Each structure stands twice: as C-alpha cells, then as structure tokens.
Amino acid sequence: MTDRHGLQLAAERGLTLDDVGSKILLDNAHVRIWEVRIAPGETLGWHIHYHPYVVIAVTGGKNEIETIFGDRRTTYEPPGHVVLIDGMRPVHRLTNRDKTTYLARLIELKHIRWIPETAPLPSLERPDTE
C-alpha cells in the first residue's frame, strides 16, 4: 500500500489535521457547507477532504496550496469562480498570498466518501499513466 494521500506521513509527523474550512454554515444528510475565510498571510492548516467538493470564491484571491509532500501550487480565483474537486488530494494546507481576505464557500458532497487507499486523485491532477 502506498501513502499517496499523505495520511501515514502526517501521522509520522504527529500532525493533527484541521477542519477543511473556517466554520460550518449548513450540515445535513446531503451536503456540508463551509465558510473558508483566510486573512492575508494566514494559513488554513493541514487537512484532507473525504468527499468530493465544490469551491465557490466569494471575494476570490491568490492562494498557495502546499501538500504534505512539499509540492506547492499558486492559484488565483476571481470572485465567482467555481471549481469541482472530484478526487482525493493529499493532505494539504492553504495560505492566502493576497493583500485581502480570501472568502469562499466549500460544499462537500456527502453521498460519496473516499477511502484513502482506493480514492482517485482529482481529474486535474491525475498523471497520464493512472
């Protein structure tokens, strides 16, 4: 078994994983909707998603995603930008690299729960060989 989602590495480092958002706005049998609010320079701590999710940028901004494996990617989401994450990313954290507060809504689709050993990577991040 490989640790492609970084859960074993997180455990070895003694990390306690954080929530995927700042606060829950709605939680029912179908969806969990989070507010994600990150001030300039702040970081939403190490976390992992167990469900497919949609992110809707309210204010938008420039952020950096860092995986537990050290990979970093800068993203820019203009206000109103929508993205679907359809696979399980490795443990990661999100840092606001902009001069204004980043505000988004993250909607977890609870009808699917990923199992780390078998979960696909997001379609935008799958290598051609997978």
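Treat the numbers as computed from the prediction; the structure is a model and nothing was measured.

(A) Molecular detail of the overall build of the protein chain. The number of helices and strands found in the protein chain is 1 helix and 9 strands. Starting at the N terminus and ending at the C terminus, the protein chain contains elements arranged as α-β-β-β-β-β-β-β-β-β. Along the first, second and third principal axes, the C-alpha set of the protein chain runs to 40 × 35 × 30 Å. Among the 130 residues that make up the protein chain, the fraction classed as buried is 43%. Once local pairs closer than 6 in sequence are excluded, the contacts in the protein chain between residues at least 24 apart make up 76%. Carbon and sulfur atoms provide 53% of the accessible area of the protein chain, an area that totals close to 7,300 Å².

(B) Focus on the pattern of salt bridges. Enumeration according to the criterion identifies 9 salt bridges in this entry. For the salt bridge of Asp 27 with Lys 110, the shortest nitrogen-to-oxygen distance reads 2.6 Å. Residue Asp 27 is found in strand β1 (residues 23-27), and its partner Lys 110 is found in the segment after β9 (102-109); the two are separated by 83 residues along the sequence. Note that Arg 93 is salt-bridged to Glu 66, the shortest N-O span being 2.9 Å.

(C) Region of interest: the layout of surface pockets. As a volume, the largest pocket reaches approximately 370 Å³. Those elements giving two or more residues to the lining of the largest pocket turn out to be β3 (43-47), β4 (53-57), β6 (72-77), β7 (82-85), β8 (92-96) and β9. It is β6 that provides the largest number of residues to the lining of the largest pocket, a total of 4 residues. Quantified by volume, the second largest pocket comes out at close to 190 Å³. Together, Arg 4, Ile 65, Thr 67, Phe 69, Asp 71, Arg 72, Arg 73, Arg 89, Pro 90, His 92, Leu 121 and Glu 125 line the second largest pocket.

(D) Summary view of the side chain of His 51. By the element assignment, His 51 lies in the loop between β3 and β4. Residue class for His 51 comes out buried when judged on its relative accessible area of 8%. Reaching out from His 51, the side chain makes a polar contact with the backbone oxygen of Ile 112 at a distance of 2.7 Å. Setting aside anything within four residues of it in sequence, one finds His 51 in contact with Arg 32, Glu 108, Leu 109, Lys 110, Ile 112, Arg 113 and Trp 114.

(E) The packing of aromatic side chains, seen in detail. Tallying each qualifying case throughout the model produces 0 aromatic pairs. When the ring centre of Tyr 50 is taken as origin, the NZ or CZ atom of Arg 113, which lies over that ring, is 4.4 Å away.

(F) Examining the nonpolar core more closely. Judged by nonpolar contacts, the single largest core of 13 residues is most densely connected at Val 36, Ile 38, Val 55, Leu 94, Tyr 102 and Leu 106. Looking at this core, the elements with two or more residues in it are β2 (31-38), β4 and β9. Residues contacting Tyr 102, with those up to four places away along its chain left out, are Val 36, Arg 37, Ile 38, Val 55, Thr 59, Gly 60, Gly 61, Asn 63, Glu 77, Leu 94 and Asn 96.

(G) Seen up close, the sheet that holds β3. Taken together, the 4 strands give an open sheet; going across it, the order is β3-β8-β5-β6, and neighbouring strands pair in antiparallel fashion. Looking at strand neighbours, the two that pair on one side only are β3 and β6, the edges of this open sheet. Going from strand to strand, the sheet's axes swing by 20 degrees on average, the running direction of each strand aside. Note: strand β5 (residues 61-67) against β8, 5 bridges, orientation antiparallel. From the neighbouring strand, Ile 65 faces β8, where its bridge partner is Leu 94.

Reading the values: rules and limits
Residues numbered from 1 in each chain as written. Predicted model: local features only at pLDDT ≥ 70, side-chain atom pairs only at ≥ 80, totals over all residues. Heavy atoms only, no water. Helix = DSSP H or I, 4+ residues; strand = E, 2+ residues; numbered from the N terminus. Buried < 20%, exposed > 50% of the residue type's maximum accessible area, 1.4 Å probe, protein only. Contact = heavy atoms within 4.5 Å. Areas by Shrake-Rupley, 256 points an atom, 1.4 Å probe, with all protein chains shown as cover. Salt bridge = Lys/Arg side-chain N within 4 Å of Asp/Glu carboxyl O. 1 Å grid on protein atoms, 1.4 Å probe; cavity = no way out; pocket = protein on both sides within 12 Å on 5 of 7 lines; lining within 4 Å. Points joined across faces, edges and corners; volume = space filled by probe spheres on them. Polar contact = N/O pair within 3.5 Å; in protein donor to acceptor, adjacent residues only side chain to side chain. Phe/Tyr/Trp six-rings, centres within 6.5 Å; stacked < 30°, edge-to-face > 60°. Lys NZ or Arg CZ within 6 Å of the ring centre and 35° of its normal. Core = buried A, V, L, I, M, F, W, Y, C linked by side-chain atoms within 4.5 Å. Pairing = 2+ DSSP bridges. Axes fitted to C-alpha atoms, helices over the stretch in contact; angles between N-to-C directions.

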